[in-house]
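Descriptive analysis of the structure
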Amino acid sequence: MAVTVAEYLGKRTDNDNDIVPVPNLEQKPDIACPFRCGNCLKAKKRQQPICSVRDSNGKLWIVCEHRLCATTPKAAAINEHQKKILRIVAQAIYGTVSDTDILFKREVPIPITDTSDYKADYVMWRTNPAASDRPAIVEMQGGGETAGTEKLTDHVKKWSQKMPPTNAYLRQEAKATPLITNAWRRQQEQFLVKGSVATLTGAKMVFCVGSSLYEYLIQRLTTVRLQDLSQANWSLALLPFVEDTDGTPPPCAPDSIQFEIDLSRARYTNYFSFIQALTNQGSPQPQVFTGEYNKLDGEKVQISS
């Protein structure tokens, strides 16, 4: 499989407004990130500032952890991109709300043991809540890394050295593949722990994911019928973020790809039922444990059911 660069430092590549490469990347430059109130940490690590890619089917895969809605706890404020994402998340949780209704905290510590703490990306609440409202832990997992990242990086490096560097060259394919399984594996522990803390405390767990990761999860629930609690007392929401082709970019990221929540596919259900469905995979397979075995002394033994 191959991917193409969709965004470079917040600028989309699918137009003829040729992007200027970041200069002197080896010197760890301070370059503003349009999606967070701070500098691009990829550039600071001498990495190519690729925000998102498209797979061979044209589907977006976010490859920067700060792309969807970074928390930036040390920043005094959040920018218009972050406000836009939090606004549509709040509307998916609470319905019609205004900016004055939405309350949020960033990077909130979640103590588990004396030596181990987790942090919620966001905790969200609202002023004057309805009787059925509850606060929510909001986690952002838009995507993850790719297999073959070095080939993607090499391609972007060659583009940056072109005279002139063009979007047409940058959009050429590189042999890399989104690692969706890795993204989910890395998130599972935190999702399980934070979700348990949220529901045991009477709060909600909201998981904001890119469309590819959402589909990966849903495919593992094909044999399970989760309750639709969208109009009832739900404790878990899965909110799939998809590309918004009609969205208006915020001033801080005027050339960026826009995202929205596909509410038609959003799932509102019971957290513990969802976890049980994830863990109850497979069926009894006795043949796995029968057949020919080897002993350490070299003898072979046949085991039947």
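As the structure is a prediction and not an experimental result, all values here were calculated from the model.

Counted under the stated rule, the structure contains two cavities of 30 Å³ or more. Counted as a void, the largest cavity has a volume near 70 Å³. Lining the largest cavity are 13 residues, and of these Leu9, Cys33, Cys40, Cys51 and Cys64 sit closest to its centre. Sorting the residues of the lining of the largest cavity by element identifies α1 (41-44) and β5 (50-54) as the ones contributing at least two each. Considering only residue class, the lining of the largest cavity consists of nine nonpolar, two polar and two charged. One number sums up the size of the second largest cavity: a volume of about 50 Å³. Every residue lining the second largest cavity is listed: Phe35, Arg67, His81, Lys84, Ile85, Ser256, Ile257, Gln258 and Phe259. Per element, the largest residue contribution to the lining of the second largest cavity is three residues, and it comes from helix α2 (residues 80-94). Tallied by class, the residues present in the lining of the second largest cavity amount to four nonpolar, three polar and two charged.

Okay, helix α5 (residues 180-200) next. Relative to the 30 Å expected for 21 residues at 1.5 Å per residue, α5 spans 29 Å between its end C-alpha atoms, a close match to the ideal helical length. Along its length, α5 shows its largest kink, about 40°, at Gln187. For α5, the full list of buried residues reads Ala183, Trp184, Gln187, Phe191, Lys194, Gly195, Ala198 and Thr199. One or two steps after α5, the chain reaches Gly202, where phi turns positive at roughly 85°.

Here four strands make up an open sheet; going across it, the order is β2-β1-β5-β6 and the pairing antiparallel. The open sheet has two edge strands with one neighbour each: β2 (11-12) and β6 (60-62). Note: strand β1 (residues 4-8) against β2, two bridges, orientation antiparallel. Residue Tyr8 lies in a different strand from β2, and its bridge partner there is Lys11.

What follows deals with the layout of surface pockets. Gaps left between atoms show up when a probe the size of a water molecule is rolled over them. Looking at the largest pocket, its volume works out to about 1000 Å³. In this structure, the largest pocket is lined by 36 residues; those nearest its centre are Val63, Cys64, Glu65, His66 and Arg186. Those elements that place two or more of their residues in the lining of the largest pocket are α1, β8 (117-126), β9 (136-141), α3 (149-160) and α5. Here the element with the most residues in the lining of the largest pocket is α5; it accounts for four residues. When grouped by side-chain class, the residues that make up the lining of the largest pocket number 11 nonpolar, 14 polar and 11 charged.

With that out of the way, let us pick up the packing of α5 against helix α7 (residues 271-279). Where α5 contacts α7, the two axes come as close as 10 Å, and the packing angle between them is 150°. Of the possible angle classes, the one that applies to α5 and α7 is roughly antiparallel. For the crossing formed where α5 meets α7, the hand is left-handed. From α5, Trp184, Phe191, Leu192, Gly195, Ser196, Thr199 and Leu200 reach across to α7, where they touch Tyr271, Phe272, Phe274, Ile275 and Leu278. Of the residues in the contact of α5 with α7, the class split is nine nonpolar, three polar and no charged.

The rules we used
- Residues numbered from 1 in each chain as written.
- Predicted model: local features only at pLDDT ≥ 70, side-chain atom pairs only at ≥ 80, totals over all residues.
- Heavy atoms only, no water.
- 1 Å grid on protein atoms, 1.4 Å probe; cavity = no way out; pocket = protein on both sides within 12 Å on 5 of 7 lines; lining within 4 Å.
- Points joined across faces, edges and corners; volume = space filled by probe spheres on them.
- Helix = DSSP H or I, 4+ residues; strand = E, 2+ residues; numbered from the N terminus.
- Nonpolar A, V, L, I, M, F, W, Y, C, P; charged D, E, K, R; others polar.
- Expected span 1.5 Å × (residues − 1).
- Bend = angle between axes of the 7 residues up to and from the residue.
- Buried < 20%, exposed > 50% of the residue type's maximum accessible area, 1.4 Å probe, protein only.
- Pairing = 2+ DSSP bridges.
- Axes fitted to C-alpha atoms, helices over the stretch in contact; angles between N-to-C directions.
- Parallel < 35°, antiparallel > 145°, perpendicular 65-115°, else oblique.
- Left-handed = near helix turned anticlockwise from the far one by under 90°.
- Contact = heavy atoms within 4.5 Å.

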